[in-house]
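# Observations on chain architecture
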Amino acid sequence: EREREKEVRKEDDYPGRHTETDGMANPNEIAQAFVQHYYTTFDSNRQNLANLYRQESMMTFEKSQVSGAQAIAHHLASLPFAQPQHHVNTLDVQPCAGNGLLVFVSGQLKTEPNEQPMMFSQVFTLFPTPDQQGNFFVLNDVFKLNLAMN
């Protein structure tokens, strides 16, 4: 049994990867790795976020609702942010049915380097990618700026 565990836990294990011996990796590690990758990619080249979504994915960005990986990537790339910078303040995660994860993020977003940051909230549901063991895709993505209303 111990030898079998060693076979399953290869050198390509990393935080957020499923293994046969532990079922699901630590949800916090998965969420942290995902959030770091997502916002780093968003801030440097939003078009590269397309591979995190699938055809069945849906995103609500403020009042715009978009579905499908390519449509989501196009919408994100068309946002009028020249040099966005995200700073994550909080990250919460809960496991959900189907080995998915519900991830809630709050933080600050600058759309230009010298602008005042705006507060934002974003919720993701992540699900295991059926054809890529250990990887996740974004099924749902809801982004809202937390603007004071008068």
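Just above, that's the structure.
What comes next concerns the included structure. (Residues numbered from 1 in each chain as written. Predicted model: local features only at pLDDT ≥ 70, side-chain atom pairs only at ≥ 80, totals over all residues. Heavy atoms only, no water.)

### A look at the overall build of the protein
Helix and strand counts for the protein stand at 3 helices and 6 strands. Going residue by residue from the N terminus, the α and β elements of the protein occur as α-α-β-β-α-β-β-β-β. Each of the 150 residues in the protein was classed as buried or not, and the buried ones make up 38%. Counted over contacts in the protein with a minimum sequence separation of 6, partners at least 24 positions apart contribute 46%. (Helix = DSSP H or I, 4+ residues; strand = E, 2+ residues; numbered from the N terminus. Buried < 20%, exposed > 50% of the residue type's maximum accessible area, 1.4 Å probe, protein only. Contact = heavy atoms within 4.5 Å.)

### Some points on the pattern of salt bridges
Summed over the entire model, instances satisfying the criterion amount to 2 salt bridges. When the shortest N-O distance is used, the salt bridge between Arg54 and Glu56 registers 3.3 Å. The class of Arg54 is partly exposed, set by a relative accessible area of 25%. A salt bridge links Asp131 to Arg54; its shortest N-O distance comes to 3.5 Å. Pair noted here: Asp131 is in the loop between β5 (118-128) and β6 (136-145) and Arg54 is in strand β1 (residues 53-61), with a separation of 77 residues, a long-range link. We classify Asp131 as exposed; its relative accessible area is 58%. Members of the salt-bridge network, linked through shared partners, are Arg54, Glu56 and Asp131. (Salt bridge = Lys/Arg side-chain N within 4 Å of Asp/Glu carboxyl O.)

### Some remarks on helix α2 (residues 27-45)
Taking 1.5 Å as the rise per residue, α2 with 19 residues should run 27 Å; its terminal C-alpha atoms sit 26 Å apart, in good agreement. Among all positions of α2, only Ile30, Ala31, Phe34, Val35, Tyr38, Tyr39, Thr41 and Phe42 are buried. One face of α2 carries all of its buried residues, which in axial projection span an arc of 160°. The exposed residues of α2 that point more than 90 degrees off its buried face are Gln36 and Ser44. Considering only its buried residues, α2 is in contact with β1, α3 (69-77), β3 (85-96), β4 (100-110), β5 and β6. The opening residue of α2, the one whose side-chain oxygen lies 2.7 Å from the backbone nitrogen of Asn28, is Asn26. (Expected span 1.5 Å × (residues − 1). Arc of directions from axis to C-beta. Polar contact = N/O pair within 3.5 Å; in protein donor to acceptor, adjacent residues only side chain to side chain.)

### Observations concerning the side chain of Arg46
Examined against the element boundaries, Arg46 turns out to sit in the loop between α2 and β1. Put simply, Arg46 is tucked away with no salt bridge, and the nearest opposite charge, on Asp43, sits 6.8 Å away. Polar contacts involving the side chain of Arg46 include one to the main-chain carbonyl oxygen of Leu76, which spans 2.6 Å. With residues near it in sequence (within four places) discarded, Arg46 still touches Thr41, Leu76, Ala77, Leu79, Phe81 and Pro84. (Lys, Arg positive; Asp, Glu negative; His and termini not counted.)

### A word on the packing of aromatic side chains
Scanning the entire structure with this criterion turns up 10 aromatic pairs. On the numbers, 5.7 Å between centres and 35° between planes, the contact of Phe34 with Tyr38 is tilted. With Phe34 and Tyr38 both in helix α2 and 4 residues apart, this pair spans about one turn of that helix. Classification of Phe34 by relative accessible area gives buried; the value is 11%. Where Phe42 meets Phe81, the ring centres are 6.4 Å apart and the plane angle is 45°; that geometry is what we call tilted. Placement of Phe42 in helix α2 and of Phe81 in the loop between α3 and β3 is noted, with a sequence separation of 39 residues between them. Assessed through its relative accessible area of 3%, Phe42 is described here as buried. Overall, Phe81 belongs to the buried group, its relative accessible area being 14%. Members of the aromatic cluster, each reached through a chain of ring pairs, are Phe34, Tyr38, Tyr39, Phe42, Phe61, Phe81, Phe120, Phe124 and Phe143. A cation over an aromatic ring shows up here: Arg46 above the ring of Phe42, its NZ or CZ 5.5 Å from the ring centre. (Phe/Tyr/Trp six-rings, centres within 6.5 Å; stacked < 30°, edge-to-face > 60°. Lys NZ or Arg CZ within 6 Å of the ring centre and 35° of its normal.)

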